[in-house]
Amino acid sequence: MTYAAVYQSWKDDPEAFWMQAAEAIDWTQKPSKALFDENAPLYQWYVDGKVNTCWNAVDRHVQAGRGDQTAIIYDSPITHTKHEITYAELQTRVASLAGALRAKGIGKGDRVLIYMPMVPEALEAMLACARLGAVHSVVFGGFAANELAVRIDDAQPKCIIAASCGLEPGRVVHYKPLLDGAIEQSTHKVDFCVVFQREQEVAKLEEGRDFDWYGFQYGIEPADCVPVEGNHPAYILYTSGTTGAPKGVVRPTGGHLVALNWTMKNVYNVDPGDVFWAASDVGWVVGHSYICYAPLITGNTTIVFEGKPVGTPDAGTFWRVISEHKVKSFFTAPTAFRAVKREDPKGEFVKKYDLSCLEQVYLAGERADPDTIEWAHDKLGVPVIDHWWQTETGYAIAANPLGIEALPIKLGSPAVPMPGFDVQILDEAGHPMAPNELGAIAIKLPLPPGTLPTLWNAEDRFKKSYLQQFPGYYETGDAGMIDEDGYLYIMARTDDVINVAGHRLSTGAMEEVLAAHPDVAECAVIGVTDQLKGQLPMGFLCLNSGSDKAHDAVVMDVVKMVRSKIGPVAAFKLACVVERLPKTRSGKILRGTMVKIADGEDFKMPATIDDPVILDEIRTALQGLGYAK
Ligand code: COA
Ligand code: AMP
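Computed from a predicted model, the values in this text were never measured in an experiment.

A. Highlighting the sheet that holds strand S24 (residues 423-426). Reading across the sheet, the 4 strands line up as S24-S25-S26-S27 and stay open at both edges, with antiparallel pairing between neighbours. Either end of the sheet is taken by a strand with one partner, and the two such strands are S24 and strand S27 (488-493). With strand direction ignored, the average angle separating the axes of adjacent strands in the sheet is 50 degrees. Where strand S26 (residues 473-482) and S27 come together, 5 bridges link them in antiparallel fashion. Among the inter-strand pairings, Gly480 is bridged to a residue of S27, identified as Ile490.

Here you go:
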């Protein structure tokens, strides 16, 4: 079947399409139908089915005789460690961990926060929650205590599972003080914590509250899989929105299983037994979907890689891992390839390894620039596929589905919509636009299985953020166009979200931190173009009249504040003091114009600007930071 035929078969009969896809999943009770649309525009999938995610990701492979196959390869160039875990071992470890959690009172529907680096135990913690029907919420290790506290208060977990430390090149990230700080800051109090002690740093446990990962499993009865309803939340994953309060994206169990399983063959072209590697982090959606769940649901071998594209130890790390572990499909972010390309433009490291196992490479997380795709294709000699998705969807909205048909690659485009996604370009009034015209990218409702049904404890925010602007559609927050062949082009965000090294960050959240500085009267944060990371945040500060603090000192303060309030991952290092901010006559800060000036692009003077002279002051300040040349 061609892509066009598969897509058409979904359009003709979505119900039949998704019921057929659901057959690849082991249900304790099969759902009677796929879509439940009684509460439209809120939709749910497979609601009356009963299923367990961990069973589908682990136990069923053991039962089917694949117990000796490697499920997880841990490869850490930072700690010089490699080891493998078979499906049978994974089952034992997860059942034991789940048993220990259950003995401490964790059951179906309870939330468990996971704060762990790239170690297999992070996946085991996620799967142990899934085994019990508990709802995990993984927090990325590069976030600061405050961000952790915000998530504790929103998700209200009974328990936190953490590691003693994370490891960044040349630096131990002390998780325990961050964890303790977050627990102290949060209003909600957890019942207990489980700490996985790493040999690089053993953390002090608080008597009565903290339990050792191994110790608390001693003598425990392993737990079996608890079947849950198809719409039971599998997890909550917080992502950046326009304001400082992150959005808790809810992932429904049944749709998650069906959709992820469908993507593995059709998009990523892998079969059970193949090795699949997503070089991301479990703290991001890519890590949830393609390090942990999808490869395991399909019966692949997944790789937990604790390292960086460069410097651990060199720009050949990716190629070493691919070659050594026989990776068939590899998934990373364009920024990672840009980092490798910068150090090894000629691809000398590529030549050192036998990469004959590698059949295709996938890029996502940010726009894939044509130079990077061409470089990777030239050096690796395999298709390099850009695909577009969001935390909210959990898997690709648009891709080149190599497992169905290899479509021609158009540089700059993540190709075509996947079945389930009716993608349209709308003008401000919500009217569909002609091919090649730029507009807001929206998806006709209902969204397919596995995508977010709502935001955790925030249904109104869900409706307001995604459903209100264009009734009958989901608003993606991205702007772009579709060409005459149906290929999508993702050009920019329509909100205040920026993308730094493939990480989604909120400029609004950074502005909240800056505004809390006692000398700052007003501020703005914009995302400026960066050759390596795609975008970098840059702050503009207007000081209180009468403030006599040196400008450099205020800048140093706010850089420190963002690092300690949001985390090092924000990569907030650029800021300057200005007299005034450019605004419209109604007082709206002209952030878009500031971005254009910073990037040295032509721009149209906004008709509503209050005082055009301010733009010259902004240009001068930007030039001081090496921008707006
Ligand atoms: N825990 C703690 N700190 C972390 C962290 C983690 N898990 N991940 C990153 N950080 C810190 C880094 O140490 C760095 O701190 P520093 O300011 O003290 O140097 C800061 O956050 C920024 O990190 P990073 O974005 O990794 O930048 P970098 O300059 O260290 O590395 C790249 C640049 C391009 C190599 C890196 O950004 C990268 O690998 N990007 C790919 C990201 C990716 O795969 N995203 C997947 C999304 S699908
Ligand atoms: P996240 O939720 O962190 O995965 O970020 C999602 C956002 O990243 C999208 O809304 C886009 O703005 C951007 N993005 C992800 N993948 C792509 C891509 N392939 N091309 C362009 N932008 C992308």
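B. The arrangement of the pairing of strand S19 (residues 327-332) in detail. Here S19 lies mainly inside the structure; 6 of its 6 residues are buried. Two strands pair when backbone bridges link them, and strand S17 (residues 275-278) and S19 are joined in this way by 4 bridges, in the parallel orientation. The residue of S19 that forms the bridge with Phe276 is Ser329.

C. Broad picture of the packing of aromatic side chains. Applying the stated criterion to the full structure yields 36 aromatic pairs. Plain terms: the ring middles of Tyr290 and Phe331 are 6.1 Å apart, the flat faces sit at 40 degrees to each other, and that makes the pair tilted. One end of the pair, Tyr290, is in helix H9 (residues 285-298); the other, Phe331, is in strand S19, with 41 residues separating them in the sequence. Accessibility classification places Tyr290 together with Phe331 in one group, the buried group. An aromatic cluster is present here, built from Trp277, Phe305, Phe318, Trp319, Phe330, Phe337 and Trp375 joined pairwise through their rings. Taking the ring centre of Phe36 as reference, the NZ or CZ of Lys33 above it sits at 4.5 Å. A cation over an aromatic ring shows up here: Arg151 above the ring of Phe143, its NZ or CZ 4.7 Å from the ring centre.

D. Spatial organisation of the nonpolar core. Counting 186 residues, the largest nonpolar core has Leu101, Tyr290 and Leu541 as its most contacted members. In this structure, Trp277, Phe318, Leu358 and Val361 belong to the second largest nonpolar core, which totals 30 residues.

E. How the structure looks around the packing of helix H3 (residues 53-66) against H9. Where H3 contacts H9, the axes come no closer than 8 Å and their chain directions differ by 45 degrees. Between H3 and H9, the angle is such that the two are oblique. The handedness of the crossing between H3 and H9 is left-handed. Across the interface between the two elements, Thr53, Asn56, Ala57, Arg60 and His61 from H3 touch Tyr293, Leu296, Ile297 and Thr298 from H9. Of the residues in the contact of H3 with H9, the class split is 4 nonpolar, 4 polar and 1 charged.

F. Representation of the pattern of salt bridges. Counting across every chain of the model gives 36 salt bridges. Arg93 serves as the salt-bridge partner of Glu124, at 2.7 Å between the closest nitrogen and oxygen. Residue Glu124 is found in helix H5 (residues 120-132), and its partner Arg93 is found in helix H4 (residues 87-103); the two are separated by 31 residues along the sequence. As a salt-bridge pair, Lys176 and Asp210 come within 2.9 Å of each other at their nearest N and O atoms. Of the two residues, Lys176 is situated in helix H7 (residues 175-185) and Asp210 in strand S13 (residues 210-212); the sequence distance between them amounts to 34 residues. Comparing Lys176 with Asp210 shows no difference in burial state: the two are buried.

G. Region of interest: the environment of Leu42. For Leu42, the position within the fold is in the loop between strand S2 (35-36) and strand S3 (44-45). When its relative accessible area of 15% is taken as the criterion, Leu42 is described as buried. C-alpha of Leu42 to C-alpha of Gly67: the two residues are 25 residues apart in sequence and 40 Å apart in space.

H. Region of the structure containing the sheet that holds strand S20 (residues 360-363). One open sheet accounts for 7 strands, arranged S6-S5-S18-S17-S19-S20-S21; its pairing is mixed. Whereas interior strands pair on both sides, the edge strands pair on one side only; in this sheet they are strand S6 (81-86) and strand S21 (384-386). Neighbour-to-neighbour, the strand axes of the sheet open up by a mean angle of 20 degrees, direction not taken into account. Where helix H10 (residues 317-325) meets the sheet, it contacts strand S5 (70-76), S6, S17, strand S18 (301-305) and S19, and its direction lies at approximately 150 degrees from that of S19.

I. Broad picture of the site of ligand 1. Around ligand 1 lies a shell of 22 residues, among which Glu168, Arg171, Lys533, Arg563 and Lys573 are the nearest. Here a nitrogen atom of ligand 1 and a backbone polar atom of Gly141 are 3.3 Å apart. Between ligand 1 and the protein, one listed contact pairs an oxygen atom with a backbone N or O atom of Pro568 at 3.4 Å. Within the complex, 82% of the 940 Å² of free accessible area of ligand 1 lies under protein. Mapped onto the shell around ligand 1, the elements with two or more residues apiece are strand S11 (171-174) and helix H11 (334-343). Residues of the shell around ligand 1, tallied by class, amount to 10 nonpolar, 6 polar and 6 charged.

J. Here's a closer look at helix H1 (residues 3-12). Those residues of H1 lying buried are Tyr3, Val6, Tyr7 and Trp10. The arc that holds every buried residue of H1, seen down its axis, measures 95 degrees, which confines them to one face. Facing away from the buried side of H1 by over 90 degrees, the exposed positions are Ala4 and Asp12. The inward-facing, buried residues of H1 abut helix H2 (14-22), helix H8 (253-266) and strand S23 (416-417).

K. Focus on the side chain of Gln390. Residue position: Gln390 is located in the loop between S21 and strand S22 (398-399). A relative accessible area of 4% means that Gln390 is categorised as buried. Excluding residues within four positions of it along the chain, Gln390 makes contact with Val285, Ile397, Tyr474, Thr476, Asp478, Arg493 and Arg504.

L. Main features of the site of ligand 2. Near ligand 2 lie 14 residues; those nearest to it are His387, Thr391, Asp478, Arg493 and Arg504. Between a nitrogen atom of ligand 2 and a main-chain N or O atom of Gly365, the distance comes to 3.1 Å. Within the contact set of ligand 2, a nitrogen atom lies 2.7 Å away from a side-chain nitrogen or oxygen of Asp386. When ligand 2 is considered free in solution it has 490 Å² of accessible area, and contact with the protein chains removes 92% of it. Taken together, the residues of the shell around ligand 2 break down into 3 nonpolar, 5 polar and 6 charged.

Rules and cut-offs
- Residues numbered from 1 in each chain as written.
- Chains lettered and ligands numbered in written order.
- Predicted model: local features only at pLDDT ≥ 70, side-chain atom pairs only at ≥ 80, totals over all residues.
- Heavy atoms only, no water.
- Pairing = 2+ DSSP bridges.
- Helix = DSSP H or I, 4+ residues; strand = E, 2+ residues; numbered from the N terminus.
- Axes fitted to C-alpha atoms, helices over the stretch in contact; angles between N-to-C directions.
- Buried < 20%, exposed > 50% of the residue type's maximum accessible area, 1.4 Å probe, protein only.
- Phe/Tyr/Trp six-rings, centres within 6.5 Å; stacked < 30°, edge-to-face > 60°.
- Lys NZ or Arg CZ within 6 Å of the ring centre and 35° of its normal.
- Core = buried A, V, L, I, M, F, W, Y, C linked by side-chain atoms within 4.5 Å.
- Parallel < 35°, antiparallel > 145°, perpendicular 65-115°, else oblique.
- Left-handed = near helix turned anticlockwise from the far one by under 90°.
- Contact = heavy atoms within 4.5 Å.
- Nonpolar A, V, L, I, M, F, W, Y, C, P; charged D, E, K, R; others polar.
- Salt bridge = Lys/Arg side-chain N within 4 Å of Asp/Glu carboxyl O.
- Near = heavy atom within 4 Å.
- Polar contact = N/O pair within 3.5 Å; in protein donor to acceptor, adjacent residues only side chain to side chain.
- Areas by Shrake-Rupley, 256 points an atom, 1.4 Å probe, with all protein chains shown as cover.
- Arc of directions from axis to C-beta.

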